[in-house]
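Here is what each chain is made of, one letter per residue.
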Amino acid sequence: MKILGIDASGPMLAVGLVLDQMVAADFMWIRPRTAGSHLVPWIEQIVNEFGRPDAIACGIGPGSFTGVRIAVTAAKALAYAWNIPVKGVSSLQAWAMQIPLGHRALITTELRGSAFYAGYYQAARPQPTPLMPDMAVNGSLPDAFPSDTALYVVGPLSETSAGLGMAGPLARPLTIALLGSSVALLAQTALIEGHSDTAETLAPFYGRPPAITVATPGTE
Amino acid sequence: MRVLGIESSCDETAAAVVENGDRLLSTMLASSAAIHAQYGGVVPEVAAREHTMAILPVVKGVLAQAHLAMQDIDAVAVTEGPGLLGALLVGVTFGKALALGLNIPIVGVHHLEAHLYANALVEPLRFPALGLLVSGGHTTLVLWEDHGQLKVLGETRDDAAGEAFDKGARALGLCYPGGPEIERLASSVPQTALSLPVAHLGSQTLDFSFSGVKTATVELARREPHRKAEIAKALQIAVVTALARNVGRALDQYPAHDLYLAGGVTANQCLRERMQQIALEKGVAVHFPPRQYCTDNAAMVASLGYYKLIKGVRLPYNASPRVNYPLGT
C-alpha cells in the first residue's frame, strides 16, 4: 500500500510517502506558515515521482488552526478526486513516532505567550501510547502530569529553560522532526484494516474554540 | 468548457458549474452568516472553520445537481482574493488540490471582478461599459473595456455603501446584514421628512464617502427613536443619491453604452429604479444581475474563470491567496 502522509500543524511542513511499510520520500521544511504555498507543489512532486497513492494520512492537529485547515482541506480534495481512503491522525502522536524506544516525551506545539498544545506519549511500536489526551494548555500543565519523571520535551517548550522547567526537573530537550512518513505510518494500520475516515468526515482537531466564541467571565 | 467555480472569500462557501462562461448548470451555497449574526459581524476564524467542513459537500452537491461526474469538469476557477485570509485559503487549497487530483487546469479570479460576471449569466457582455460594484465591503466604479481590462474610476474613501446600511441597521435595532432590513423598513413609509447628508468630495471626483451618513444615521436614530422607518428611508435615499450622482458623472465622461451593476446592494429596489432612470436620461442600457447572484456566489467565479482560462491564465500550485488584491491589476 502506498500512503501519502501530510502535516502542517506545527513548526514544520511535512509531506511523505510510505511504500509497503517502507519510507519512500520525506519533504520537510522548518518554516511555518508556508503550507498554503508549498503543500500542493510538494504533493505534485511526489505524485510525479511515485504515482498516485492508494491512501492519504493527514495530521489533524492540534496546532496552528490555519495549518491544520490547509492539510485537512487538501486531503479532502485529493481523497475525493482520487477516490481513495483518507485517515486523520493526531499531529502530536505522529511527532511522537520519532521518540527513542523506552522513553516518554511531552510533545508541544504552537506556543503563544503561555498557551500551547501538548501531548504526552510513551514510545512504543507500532505507535506511541498516549499517556494523556492531547490538550490545549494555558500557563501550566494539568495536575495529573507527573513532574518527577524523566522525560523528553519536544517542540517550542523545549527551547527555553523556563519551558523545560514546566515539565519538571528531569525534563530534557529532544530535537526530532514531525515527518510526513510518520503520519503515514501512524495511519497505516487503520487504513489497511479499513477503519478510515471519509473525505467529508475528515475534520480538524483544533483543541480550542475560536477566541471570540468564548464568553469572558461576567459577560453572560 | 465546463468550469467548476469555488468561492470562499468571506462567510459563504459556494460552488457552481458554468459552461462556456455563460450557461449555468448548477450552483450551491452554504452560509455561516447565521453564526456570525450572533457576533454582529463576520468572525474570520469561525468562517474558516465552517468553510473547511462545507466545501466538499457543496462541490459534490453542484456536480450531483448538474448530473455530472467529476471527470466531466474541464477546469477549476477559484476566488483568489480579496477577502479573509483564512477563508480564502480553504477555497484556494481545495481548488489547487482538486485540480492536481483531477489533472485539470486551475485559474484564480478577483472577487469583485467576478461580481460583474453575474451579468454574463443573463446575456453576452458588451464593451466598453461602466461597472458599479456595491456591497458590504466595497463601493467601486470601473470603466470596463473588455474581458480582463478594468480601470477603477472611483471608490469609497472610507465605508462601503453596504456598510452604511449595516451600521444604520444596527443603530435602528435591526439585524445583520442591514441592507434588506433597511429596505423592508423604508418601504413601510411612503416618504420621509427627514434627510441625511450626501458627502460632497468635489464636483470632479468619482470617489465615494459613506462614513458621514453612517454617523449622521446613528445620531438621528438617537434623537428620533420613534421615526425608525423614516430614518431608514432617508438613509436609503442618501446612499442611492451618492451612487447615482457619480454614475451620472462617469457616464458623461466616458464612452460607455452599457452600465453593469453588481454586488449585494444591487438587490435594493430603490437603487435599481434610480439607475434605470439615469440610464434612460443618459441613453445607455442598464443591466442588473438576477437577485440571487447579486450576493456572493460561485457562478460568477466560474464565468470569469472561463474568460481567463481561454486566454491561457493559470493559477500556479504555489500561489497564496491575495488578501489585498487591487482591482484592475
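Residues numbered from 1 in each chain as written. Chains lettered and ligands numbered in written order. Predicted model: local features only at pLDDT ≥ 70, side-chain atom pairs only at ≥ 80, totals over all residues. Heavy atoms only, no water.

Colleague: Provide a residue-level description of the overall build of chain B, including the pertinent values.
Modeller: Counting its regular elements, chain B contains 10 helices and 10 strands. Here the C-alpha radius of gyration of chain B, 20 Å, is about what a compact globule of 329 residues would show, namely 20 Å. Expressed along its principal axes, the backbone C-alpha trace of chain B runs to roughly 60 × 45 × 30 Å. Taken across its 329 residues, chain B has 59% of its residues classed as buried. Taking the intrachain contacts of chain B between residues at least 6 apart in sequence as the baseline, contacts between residues at least 24 apart amount to 74%. Averaging the positions of the 27 positive and the 30 negative side-chain charges in chain B gives two centres separated by 3 Å. (Helix = DSSP H or I, 4+ residues; strand = E, 2+ residues; numbered from the N terminus. Rg over C-alpha atoms; globule rule 2.2 N^0.38 Å. Buried < 20%, exposed > 50% of the residue type's maximum accessible area, 1.4 Å probe, protein only. Contact = heavy atoms within 4.5 Å. Lys, Arg positive; Asp, Glu negative; His and termini not counted. Charge placed at Lys NZ, Arg CZ, Asp CG, Glu CD.)

Colleague: Can you tell me about the packing of helix H2 (residues 65-82) of chain A against helix H3 (residues 85-102) of chain B, naming the residues and giving the values?
Modeller: It is at 8 Å that the axes of H2(A) and H3(B) come closest, and there the two elements cross at 30°. Taken together, the axes of H2(A) and H3(B) lie roughly parallel to each other. Taken as a pair, H2(A) and H3(B) cross one another with a handedness that is right-handed. Packed against H2(A), whose contacting residues are Thr66(A), Arg69(A), Ile70(A), Thr73(A), Ala74(A), Lys76(A), Ala77(A), Leu78(A), Tyr80(A), Ala81(A) and Trp82(A), the element H3(B) presents Gly86(B), Leu89(B), Val90(B), Thr93(B), Phe94(B), Ala97(B), Leu98(B), Leu100(B), Gly101(B) and Leu102(B) at the interface. Classifying every residue of the contact of H2(A) with H3(B) by side-chain character gives 14 nonpolar, five polar and two charged. (Axes fitted to C-alpha atoms, helices over the stretch in contact; angles between N-to-C directions. Parallel < 35°, antiparallel > 145°, perpendicular 65-115°, else oblique. Left-handed = near helix turned anticlockwise from the far one by under 90°. Nonpolar A, V, L, I, M, F, W, Y, C, P; charged D, E, K, R; others polar.)

Colleague: I'd like to hear about the side chain of Glu80(B), residue by residue, with values.
Modeller: Residues and elements named next belong to chain B. The residue Glu80 is located in strand S4 (residues 75-81) in this model. An unpaired buried charge is present at Glu80: no salt bridge exists, and Arg322, the closest side chain of opposite charge, is 4.5 Å distant. What Glu80 contacts, discounting residues up to four positions off in sequence, is Leu88, Val92, Gly108, Val109, Leu315, Pro321, Arg322 and Tyr325. (Salt bridge = Lys/Arg side-chain N within 4 Å of Asp/Glu carboxyl O.)

Colleague: Outline helix H9 (residues 269-282) of chain B, supporting the account with residue identities and numerical values.
Modeller: All names here are of chain B. Taking 1.5 Å of rise per residue, the 14 residues of H9 would be expected to cover 20 Å, and the 20 Å separating its terminal C-alpha atoms lies within 8% of that figure. Taken as a whole, H9 has its buried residues at Leu271, Arg272, Met275, Ile278 and Ala279. Angularly, the buried residues of H9 cover 125° about the axis, an arc narrow enough to put them on a single face. Residues of H9 that are exposed and angled more than 90 degrees away from the buried face: Leu280 and Glu281. Residue Asn268 occupies the N-cap position of H9, its side-chain oxygen lying 2.9 Å from the main-chain nitrogen of Cys270. Downstream of H9 by a residue or two, Gly283 has a phi angle that is positive, lying close to 70°. (Expected span 1.5 Å × (residues − 1). Arc of directions from axis to C-beta. Polar contact = N/O pair within 3.5 Å; in protein donor to acceptor, adjacent residues only side chain to side chain.)

Colleague: Residue-level account of the sheet that holds strand S4 (residues 55-59) of chain A, with values.
Modeller: Residues and elements named next belong to chain A. The five strands are arranged S3-S2-S1-S4-S5 in an open sheet whose pairing can be described as mixed. In this open sheet, the two strands that pair with only one neighbour each are strand S3 (22-29) and strand S5 (86-89). Here the average twist between neighbouring strands, direction ignored, is 15°. Taken together, the six bridges between strand S1 (residues 2-7) and strand S2 (residues 13-19) define a ladder with antiparallel strand orientation. Note on S2: the bridge partner recorded for Asp7 is Ala14. Taken strand by strand, helix H1 (residues 35-50) contacts S1, S2 and S3, and its axis lies near 20° from that of S2. Where helix H5 (residues 180-192) meets the sheet, its contacts fall on S1, S2, S3, S4 and S5, and the angle it forms with S1 comes to roughly 125°. (Pairing = 2+ DSSP bridges.)

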